[in-house]
Amino acid sequence: MIKFLDLQQLNLGYQEQFQEKMKLVLDKGWFILGDEVKSFETNFANYCGSKHCIGVGNGLDALVLIFKTYIQLGKLQKGDEVIVPANTYIASILAILQADLVPVLVEPKLETYNINPDLIEEKITSKTKAILLVHLYGQLCEMDEIIAIGYKHDLLIIEDAAQAHGLIFKGSHTRAFSFYPGKNLGALGDGGAITTNDDELARVLFSLRNYGSEKKYHNEFVGINSRLDELQAAFLNVKLPNLDADNDKRRSIAKRYLSEIKSDKIVLPTWDFSNNHVFHLFVVRTENRQNLQDYLLKNGIETVIHYPIPPHKQKAFPEWNNLSFPITEKIHDEVLSLPISPIMTDDEVSIVISILNKY
Ligand SMILES: *Cc1c(COP(=O)(O)O)cnc(C)c1O
């Protein structure tokens, strides 16, 4: 059986280092916002080439906290509209709603699965104040076009980089990361972070994630409790040095899939080589998806659908259910994610390719 992502195997490789770190944390006896969180924040900021990194509880909170901080600083107001791709993972949209802002959905491009810059301006109103970009599946959005639109309409640009650790970004925007175990940099539980070059934003973020308090029992803001866990930070410190090599491995698997899968029934993803796509997922499209997924499973290959239902068709949003986003709906009907991970062997990749080519 070729697993979609063998998390057990992936993390077993770090077992000894994890155990050493656990002992270190136990010996110190400091469990919240200790040395491991501090050093991870420094390490990840350096890795991303950003001035600040703020460790938080998960990727959703990272996004919520960015919006809440902009509201705190008066750069956004409740009720402002935020442009967001219609085919994103639900967390991007929930974050906008949790901050009392209004998501405005924009169709993606079928080829890249990322927001279509040509369709953004028609959705801009006097209430539009921000764009939340999502580098879906690990590929950079069309930044030049989007930055130009943001500049023209005076919009904040915020990036959901939960699937894009290690991507070479463009511009100095504030970004949200998730360390959910299956992400390119994954913890052994929940975790998240924000990177930013904005000193004032960082100051408020450090406070808001910790009850709005910088000094214990002195509350400057109405904050929340969403801190990166000390043990998770310790595990992330172990794994971060391997992230670039892991992403290289993902890209090399993607290159093989792109050049060796040859089937009229399968549409391969488009990779604009001017970006270093980190292939969080390798997503193909096919008309009869169930058929392909069953065929692969019968042949010992596990696949996953990211994602089966678009946000506007979810039961949670009855007010959107009648909206029409044909590209988004087509994507959600047809996508299938093939196995890709840093621990996949060349033989496993060959098997996936040869079975697909016999479909
Ligand atoms: C995983 C993910 C999130 C949320 O991360 P959590 O840590 O699970 O809260 C947000 N946005 C995108 C695009 C994601 O893939």
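Residues numbered from 1 in each chain as written. Predicted model: local features only at pLDDT ≥ 70, side-chain atom pairs only at ≥ 80, totals over all residues. Heavy atoms only, no water.

Enquirer: Just to check I follow, could you spell out the packing of aromatic side chains for this structure?
Expert: Here the distance between the centres and the angle between the planes together describe a pair of aromatic rings. All told, the structure shown has 16 aromatic pairs when counted by the stated rule. Each ring, one from Phe-40 and one from Phe-179, has its centre 5.3 Å from the other, and the planes form 90°; the classification is edge-to-face. Taken together, the residues span a long stretch of sequence, with Phe-40 in helix H3 (residues 35-48) and Phe-179 in the loop between strand E6 (174-178) and strand E7 (192-196) at a distance of 139 residues. Judged on exposure class, the residue Phe-40 and its partner Phe-179 are both buried. A centroid spacing of 5.0 Å and a plane angle of 90° characterise the contact between Phe-44 and Phe-177, whose relative ring orientation is edge-to-face. Taken as a pair, Phe-44 in helix H3 and Phe-177 in strand E6 lie far apart in primary sequence, 133 residues in all. (Phe/Tyr/Trp six-rings, centres within 6.5 Å; stacked < 30°, edge-to-face > 60°. Helix = DSSP H or I, 4+ residues; strand = E, 2+ residues; numbered from the N terminus. Buried < 20%, exposed > 50% of the residue type's maximum accessible area, 1.4 Å probe, protein only.)

Enquirer: Where do I start with the sheet that holds strand E1 (residues 52-56) in this structure?
Expert: As a general point, the strands of a sheet are linked pairwise by backbone hydrogen bonds and lie either parallel or antiparallel. The seven strands lie next to each other as E1-E7-E6-E5-E4-E2-E3, forming an open sheet whose pairing is mixed. Of all strands in the sheet, those bounded by a partner on one side alone are E1 and strand E3 (102-106). With direction set aside, neighbouring strand axes in the sheet form an average angle of 25°. Across five bridges, E1 lies against E7 in antiparallel orientation. Along E7, the bridge assignment pairs Val-56 with Gly-192. Against the sheet, H3 touches E1, E6 and E7, its axis set at about 130° to E1. Here helix H6 (residues 143-153) sits on the sheet and contacts strand E4 (128-134) and strand E5 (156-160); the angle it forms with E5, its principal contact strand, is near 145°. (Pairing = 2+ DSSP bridges. Axes fitted to C-alpha atoms, helices over the stretch in contact; angles between N-to-C directions. Contact = heavy atoms within 4.5 Å.)

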